[in-house]
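A closer look at the structure
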Amino acid sequence: MKISEGEAREMLLDERFPRSSAYDPEWVLSNQMGPNALWLTESLCERMTLTPGMRVLDMGCGAAMSSIFLAKEYGVRVWANDLWISAEDNHKRIVEAGVEDLVTPVRAEAHSLLYERAFFDAVISVDSFHYYGTSDTYLGYFTNFLKPGAQIGIAIPGLIRDFEGDLPAYLTEKDENGHSFWDPKEHWSFHTADWWRNHWEHTDIVDVEYAAPMKDGWEVWLRFDDAVVAAAIPMAVHGPPNLTGNALRADHGEYLALVEIIARVKE
Ligand SMILES: C[S@@+](CC[C@H](N)C(=O)[O-])C[C@H]1O[C@@H](n2cnc3c(N)ncnc32)[C@H](O)[C@@H]1O
């Protein structure tokens, strides 16, 4: 890490996320794979009901930081499900964090889940659901594994409002290495909170309890990205992080957002 622990702690301090602030900033920065997984998880949990012993699916957990956080903070049992990160890698981190009794790492693709039907009491998913969850049939498949009444909380990059006409140039312009922030193969999965509300509500499978952009979400996202750049942490997922920072600065909350959706499977 290219900055001191004190500098990193300062950059990651946010009174909105008191639980996250207690975690080692080097651990948070070196396991990051997107906007701070702890902040997004803490934010969702504020609006959800998690009680010790519940079975929680952490869908697309990446390096399992959110899973470790859920176990430590709420005493829930977590299935840390990811595709890109192996169960072995996550198991090491889970053991180091001392929560192996509560967290089970699983490597599984989102359409090939082998859990029992109606197994989970809740789902948390941060910076992940948009990769596989936008099809019309995914919610129906996914909720097979949830109990009636289970809550689903997702926090993902998205939009404040839909684009009118062409994409803003600052999202598509290329840097000196020929990279742009907006990857047309991926970023059309960014949607507004209302899009997600409608996408889920009209299925009649869930009741949407909350769907909104996080307050000042672009600044939250930018602050973490700035810390990643300052610490010179390699970005595992999205190429050079300054691309994200530049796009967020230029956009200034016009379109880019972190959106949160919480729903409950109908009884
Ligand atoms: C941007 S990373 C975020 C990881 C972690 N939640 C975080 O916030 O640090 C997206 C995660 O979604 C997972 N993912 C993407 N597509 C998936 C799929 N088809 N099935 C299961 N997981 C998937 C990846 O394995 C990856 O770890």
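This text goes with the structure placed above it.
In this report, we go over the structure that sits alongside the text. Residue positions are given per chain, counted from 1 along the sequence in the order it is written. Confidence filtering applies because this is a predicted model: local features only for residues at pLDDT of at least 70, side-chain atom pairs given and counted only at 80 or more, and all residues used for totals across whole chains, interfaces and linings. Excluding hydrogens and water, the side-chain figures rest on all heavy atoms present in the structure.

Here's the deal with the overall build of the protein chain
- Helix and strand content of the protein chain: 11 helices and 7 strands.
- We compute the radius of gyration over the C-alpha atoms and compare it with the globule rule, which gives 2.2 Å times the number of residues raised to the power 0.38. The C-alpha radius of gyration of the protein chain comes to 18 Å, within 12% of the 18 Å expected for a compact globule of 267 residues.
- The dimensions of the protein chain, computed from C-alpha atoms along their principal axes, are 50 × 45 × 30 Å.
- Considering the protein chain as a whole, with its 267 residues, one finds that 55% of them fall into the buried category.
- Counting contacts in the protein chain only where the partners sit at least 6 residues apart, residues at least 24 apart contribute 75% of the total.
- For accessible areas, the Shrake-Rupley method is used with a probe of radius 1.4 Å. Any residue's cover is judged against the shown protein chains and nothing else. Carbon and sulfur atoms form 49% of the exposed surface of the protein chain, whose accessible area is close to 11900 Å².
- Charge-centre separation for the protein chain: the mean point of 22 positive side chains lies 4 Å from the mean point of 43 negative side chains. Strands here are runs of E lasting at least two residues and helices are runs of H or I lasting at least four, both read from the DSSP assignment and numbered beginning at the N terminus. Think of it in three bands: with a 1.4 Å probe and only protein chains considered, a residue is buried below 20% of the maximum accessible area for its type, exposed above 50%, and partly exposed in between. Whether two residues touch is decided by their heavy atoms; if any such pair falls within 4.5 Å, the residues are in contact. Just so you know, the count uses Lys and Arg for positive and Asp and Glu for negative, and it drops His and the chain ends. Think of each charge as sitting on NZ of Lys, CZ of Arg, CG of Asp or CD of Glu.

Some thoughts on the site of the ligand
- Neighbouring residues of the ligand: 16 residues in total, closest Gly60, Asp82, Glu109, Ala110 and Val126.
- Whenever two N or O atoms come within 3.5 Å, that pair is a polar contact, provided that in protein one can donate a hydrogen and the other can accept it, and provided that, for residues adjacent in sequence, both atoms are side-chain atoms. Within the side chain of Asp82, an N or O atom sits 2.7 Å from an oxygen atom of the ligand.
- Residue Ser128 places a side-chain N or O atom 2.9 Å away from an oxygen atom belonging to the ligand.
- Against a free-state accessible area of 580 Å², the protein chains account for coverage of 97% of the ligand.
- Gly falls in the polar group here, along with every residue not listed as nonpolar (Ala, Val, Leu, Ile, Met, Phe, Trp, Tyr, Cys, Pro) or charged (Asp, Glu, Lys, Arg). Of the residues belonging to the shell around the ligand, the class tally is 10 nonpolar, 3 polar and 3 charged. The nearness test applies per residue and asks whether one of its heavy atoms lies within 4 Å of the molecule or strand.

Here's the deal with the nonpolar core
- Counting 59 residues, the largest nonpolar core has Leu29, Leu50, Leu70 and Leu256 as the members making the most contacts within it.
- In this structure Leu70 touches Thr41, Cys45, Leu50, Val56, Asp58, Gly75, Val76, Val78 and Ile124, once residues within four positions along its chain are discounted.
- Formed by 32 residues, the second largest nonpolar core is a distinct cluster that contains Tyr115, Val123, Trp196 and Val265. As used in this record, nonpolar core signifies buried Ala, Val, Leu, Ile, Met, Phe, Trp, Tyr and Cys residues forming a set joined through side-chain atoms within 4.5 Å.

Focus on the pairing of strand E2 (residues 77-82)
- For E2, a buried count of 5 out of 6 residues is recorded, marking the element as mostly surrounded by other parts of the structure.
- Across 5 bridges, the pairing between strand E1 (residues 55-59) and E2 is parallel. Counterpart to Met59 in the pairing with E2 is Asn81.
- In the classification by handedness, the crossover that spans E1, the intervening helix H5 (residues 65-74) and the parallel E2 is right-handed. Any two strands with at least two DSSP-identified bridges between them are counted as paired. By the criterion used throughout, a crossover qualifies as right-handed when its path from the first strand across the helix to the second strand runs clockwise, the strands pointing away from the viewer.

Notes on the side chain of Asp121
- Turning to its location among the elements, Asp121 is positioned in strand E4 (residues 120-126).
- Looking at Asp121, its side chain comes within polar contact range of the main-chain nitrogen of Arg55, at 2.7 Å.
- Within polar-contact distance, the side chain of Asp121 engages the side chain of Lys147 at 2.8 Å.
- In contact with Asp121, other than residues within four places in its own chain, are Met54, Arg55, Lys147, Ala150 and Gln151.

Structural notes on unusual backbone geometry
- In this structure, Asp204 takes a positive phi of about 65° despite not being glycine.
- Tracing the backbone shows Asp204 in the loop between helix H9 (193-201) and strand E6 (206-213).
- If you check the backbone angles, His252 has positive phi at about 50° while not being a glycine.
- With respect to the helices and strands, His252 occurs in the loop between helix H11 (241-251) and strand E7 (256-265).

Some words on the sheet that holds E6
- Strand order in the open sheet made by the 7 strands is E3-E2-E1-E4-E5-E7-E6, with mixed pairing throughout. Strands with a single pairing partner mark the edges of an open sheet, and in this sheet they are strand E3 (103-107) and E6. The sheet shows a mean angle of 15° between the axes of neighbouring strands, taken without regard to direction.
- Bridge count between E1 and E4: 3 bridges; the pairing is parallel. Within E4, the residue paired with Asp58 across the bridge is Ile124.
- To obtain an axis, a line is fitted to C-alpha atoms, over the contacting stretch when the element is a helix, and the angle between two such axes runs from 0 to 180 degrees between their N-to-C directions. The sheet contacts of helix H10 (residues 217-230) involve strand E5 (146-159) and E7, and relative to E7 the element is tilted by about 110°.

So, the environment of Asp127
- Within the secondary structure layout, Asp127 lies in the loop between E4 and helix H7 (138-142).
- The buried category is assigned to Asp127, whose relative accessible area is 11%.
- Among residues more than four places away in sequence, those in contact with Asp127 are Met33, Gly34, Pro35, Leu40, Ala155, Ile156 and Pro157.

Details of H9
- Taken together, the buried positions of H9 are Ala193, Trp196, His199 and Trp200. Down the axis, H9 shows its buried residues gathered within 125° of arc, on one side only.
- Where H9 is buried, its residues meet H7, E5, E6 and E7. Taking the helix axis as origin, the arc is that swept by the directions to the C-beta atoms.

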